[in-house]
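Single-letter residue listing:
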Amino acid sequence: ASHRALMIERRLRRSLNAWDEQEGDARYLSRDLLDAHPSTAADIFSFGIMLYEIVSGEDGLPGHGARWDYLRSGRVTPLSSCSTHLSSLISTAMSAGPEARPNAQQILIATAAARVDAANEAMAMAAKPPQQPSQTSTDATTAAPWLPRA
């Protein structure tokens, strides 16, 4: 198994070294990638900015200019239109420095933990005695924390 992992790592390293800087859409590329520092962290940035685009509803991310710089500054305001977990994921994935971005495994672990927390919260709420109908609300973000809030 370790031999196979080593081979995969070597292939990944070769593919990162062979990256053509003409590839990709500047709207989704990290500054470090455009500075000829390809890495899996650059892929995480692209993932984060795609999530940002979907959740924010921002149509047509810029390919250059002041807004492009701002989206890569690491100072993007957290989105309030989604769960805390998703907003935090987007913010960290879009961190200015590649070393500050989570890796894929960290994203999966944090997302699984958020799902477990949401399920536990939903079960605890279901175990409570019913409230008056006017006080009851259904919040889809409790069951699926990455869904946009109403």
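Reading the values: the criteria
Residues numbered from 1 in each chain as written. Predicted model: local features only at pLDDT ≥ 70, side-chain atom pairs only at ≥ 80, totals over all residues. Heavy atoms only, no water. Helix = DSSP H or I, 4+ residues; strand = E, 2+ residues; numbered from the N terminus. Contact = heavy atoms within 4.5 Å. Salt bridge = Lys/Arg side-chain N within 4 Å of Asp/Glu carboxyl O. Buried < 20%, exposed > 50% of the residue type's maximum accessible area, 1.4 Å probe, protein only. Polar contact = N/O pair within 3.5 Å; in protein donor to acceptor, adjacent residues only side chain to side chain. Core = buried A, V, L, I, M, F, W, Y, C linked by side-chain atoms within 4.5 Å.

## Section: the overall build of the chain
- Per the secondary structure count, the chain includes seven helices and zero strands.
- If you list the helices and strands of the chain from N to C, you get α-α-α-α-α-α-α.
- A sequence separation of at least 24 residues applies to 58% of the contacts in the chain between residues at least 6 apart.

## Concerning the pattern of salt bridges
- A complete count under the given rule lists four salt bridges for this structure.
- Its salt-bridge partner being arginine 31, residue aspartate 69 comes within 3.0 Å of it at the nearest N-O pair. Linking aspartate 69 in helix α4 (residues 66-71) with arginine 31 in helix α2 (residues 31-34), this pair joins segments that are 38 residues apart in sequence.
- Looking at arginine 31, the relative accessible area reads 34%, which means it is partly exposed.

## Details of the side chain of serine 83
- Following the sequence through the fold, serine 83 ends up in the loop between α4 and α5 (84-93).
- Side-chain polar atoms of serine 83 contact the backbone nitrogen of leucine 86, separated by 3.1 Å.

## Points about the nonpolar core
- Within the largest apolar cluster, 18 residues are counted, with the highest numbers of intra-cluster contacts made by Ile49, Tyr52, Leu71, Leu86, Ile90 and Met94.
- Secondary structure elements with two or more residues in this core: α3 (40-56) and α5.
- Take this core: its biggest share by element is six residues, from α3.

## Focus on the environment of isoleucine 44
- Within the secondary structure, isoleucine 44 sits in helix α3.
- Among the residues examined, isoleucine 44 registers a relative accessible area of 11% and is labelled buried.
- Between the C-alpha atom of isoleucine 44 and that of leucine 29, which follows or precedes it by 15 residues, the distance is 9.8 Å.
- The contacts of isoleucine 44, once residues within four sequence positions are left out, are Ala93, Arg101, Pro102, Asn103, Ala104 and Ile107.

## A few points about unusual backbone geometry
- Look at alanine 36: it is not a glycine, yet its phi comes out positive at around 65°.
- Along the chain, alanine 36 falls in the loop between α2 and α3.

By themselves, these observations are geometric and do not establish any function.
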